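One-letter residues, chain by chain:
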Amino acid sequence: MNDKETLIKMDMGALRGDVVTDDGILCLGIESSCDETSAAIVDSNRNVLAHIIYSQIPEHQKYGGVVPELAARAHILAIDMVIAQTLSAAGKTIDDIDVVAATAGPGLIGGVLVGWLAATGIAQSAGKPLVAVNHLEGHALVPRLHAAAADGSDLASGVPFPYLLMLASGGHCQILLVRGVGDYELIGQTLDDSAGEAFDKVAKMLGLDYPGGPVVDARAKNGNPHVFNFPRPLCDKPGCDFSFSGIKTAARTFLSRVDVPYSDTFINDFCASFQASVVDCITNRLEHAMRDARVRAASPQTLVVAGGVAKNSAIRTAMEELAASHNMTFAAPPMNLCTDNGAMIAWAGIENYREGNVVTEPIAPRPRWPLTELKRT
């Protein structure tokens, strides 16, 4: 692993602040659901004591997407080193940890198994409580660990329940009413591709680097969003569901009529036009969600975006403006907590541990695990 240690990112200073030493809960969180092996130690006072991410992007970049078998093998090679370095960076031993949490799904099952078995082994050998975290709940709850308001100020106490959440990543795109830990109501979801998948595939069509979302966002800033007329699927329909496959198909059709190589101006305008259509679809569906009877009855005061796509600057700006128009607070995790990470799993572990949601018998990790199945009566 020595040749890969340069890919380790220690992600402490921006989040740690003044660590509070009290009798609070200290959680080791482990994430391995896709192409990043990550571990973090977080306490119940919202301090991130240590956070390490091993990124597999170089391994998958040549293929333009994640190769599940390569991802699983990379997790196996990295998991012990990442956990050991996280404990060392926090100045802790496993004896100091109160609870161990790990992603148990959804995700690429090979990778999920690596992290889950590591967490199970640690918890059993050290006699620690174990929490099985739904990866999507990690994204959904991380704004309660650290989030910033529209004016850039830190929401030190996290986002209060209930809130309206746009959860968008490479594999998921959902609008959820978050009532509490394990209590999610699905308001709308994609009927085909996710927004993140659409970004990555369009970037690949253009010959841009992987992952495509950040590259498209960067190129769009220098482009004209009115050059190409992309469709806005479902925006003239009732309801809150998304569809992005038509936008992707339109992109392929446009590009089939243009000779390669594409000029920088063409790529910038294409990215800007494509991104504008995605943003319009998201804001339209969220506007409908805000008028949904279930949402109105719950009266959430905060509009939140989370997941990898939450790093997109245009989406954040559009949602900020939408929230302001409805007298709601807009909040989003800091950029380094948008993509998959161990800190969100550790925090979800703490929130579930407080609710008594610990593993008491063997469980099977799941490649699919809808958030709505977490509801507890």
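Just so it is clear, the structure is predicted and the values come from calculations on it, not from any experiment. (Residues numbered from 1 in each chain as written. Predicted model: local features only at pLDDT ≥ 70, side-chain atom pairs only at ≥ 80, totals over all residues. Heavy atoms only, no water.)

Caption draft 1: Molecular detail of the overall build of the protein chain. In terms of regular secondary structure, the protein chain is built from twelve helices and twelve strands. Relative to the compact-globule value of 21 Å for 377 residues, the protein chain shows a C-alpha radius of gyration of 20 Å, a close match. Seen through its C-alpha atoms, the protein chain measures out along the principal axes to roughly 60 × 50 × 35 Å. The burial tally for the protein chain puts 55% of its 377 residues in the buried class. Long-range contacts, defined as pairs at least 24 residues apart, comprise 74% of the intrachain contacts of the protein chain with a sequence gap of at least 6. Entry remark: accessible area of the protein chain is about 15,600 Å², with carbon and sulfur atoms responsible for 50%. (Helix = DSSP H or I, 4+ residues; strand = E, 2+ residues; numbered from the N terminus. Rg over C-alpha atoms; globule rule 2.2 N^0.38 Å. Buried < 20%, exposed > 50% of the residue type's maximum accessible area, 1.4 Å probe, protein only. Contact = heavy atoms within 4.5 Å. Areas by Shrake-Rupley, 256 points an atom, 1.4 Å probe, with all protein chains shown as cover.)

Caption draft 2: Summary view of a nonpolar patch on the surface. Side chains of Ile-109, Leu-113 and Leu-117 sit close together on the surface and give an oily, nonpolar patch of about 250 Å² of accessible area. With respect to the element layout, Ile-109 can be found in helix 4 (residues 109-126). (Patch = residues over 30% accessible without salt bridge, like charges linked within 9 Å, V, L, I, M, F, W, Y side chains within 5 Å. Salt bridge = Lys/Arg side-chain N within 4 Å of Asp/Glu carboxyl O.)

Caption draft 3: Broad picture of the pairing of strand 12 (residues 329-332). Inspection of the sheet shows strand 11 (residues 302-306) paired to strand 12 by three bridges, in the parallel sense. Its bridge partner being in strand 12, Thr-302 is matched across the sheet by Thr-329. (Pairing = 2+ DSSP bridges.)

Caption draft 4: Representation of helix 4 within the structure. With 18 residues, helix 4 should reach 26 Å at 1.5 Å per residue; the first-to-last C-alpha distance of 25 Å fits that figure. At its buried positions, helix 4 is contacted by strand 2 (26-31), helix 3 (68-90), strand 5 (99-105) and strand 6 (130-134). Once helix 4 ends, the next one or two residues include Gly-127, with phi positive near 70°. (Expected span 1.5 Å × (residues − 1).)

Caption draft 5: Inspection of the nonpolar core at higher detail. In terms of nonpolar packing, the biggest core is built from 63 residues, with Val-42, Ile-83 and Leu-165 touching the most fellow members. Formed by 55 residues, the second largest nonpolar core is a distinct cluster that contains Phe-242, Phe-270, Ala-298 and Met-328. (Core = buried A, V, L, I, M, F, W, Y, C linked by side-chain atoms within 4.5 Å.)

Caption draft 6: Main features of the packing of helix 6 (residues 195-205) against helix 8 (residues 245-256). Where helix 6 contacts helix 8, the two axes come as close as 10 Å, and the packing angle between them is 10°. Judged by the inter-axis angle, helix 6 sits roughly parallel to helix 8. Every residue of helix 8 that contacts helix 6 at Lys-201, Val-202 and Met-205 is listed here: Lys-248, Ala-251, Arg-252 and Leu-255. In terms of residue class, the contact of helix 6 with helix 8 is built from four nonpolar, no polar and three charged. (Axes fitted to C-alpha atoms, helices over the stretch in contact; angles between N-to-C directions. Parallel < 35°, antiparallel > 145°, perpendicular 65-115°, else oblique. Nonpolar A, V, L, I, M, F, W, Y, C, P; charged D, E, K, R; others polar.)

Caption draft 7: Spatial organisation of the packing of aromatic side chains. With the rule as written, the count across this model stands at twelve aromatic pairs. Aromatic pair Phe-199 and Phe-274: ring centres 5.2 Å apart, planes at 80°, arrangement edge-to-face. Pair noted here: Phe-199 is in helix 6 and Phe-274 is in helix 9 (residues 264-290), with a separation of 75 residues, a long-range link. The buried category is assigned to Phe-199, whose relative accessible area is 2%. Note on Phe-242 and Phe-244: the rings are 5.7 Å apart at their centroids and 15° apart in plane angle, and the pair reads as stacked. We classify Phe-242 as buried; its relative accessible area is 1%. Here the basic side chain of Arg-144 rests over the ring of Phe-161, its NZ or CZ set 3.8 Å away from the ring centre. (Phe/Tyr/Trp six-rings, centres within 6.5 Å; stacked < 30°, edge-to-face > 60°. Lys NZ or Arg CZ within 6 Å of the ring centre and 35° of its normal.)

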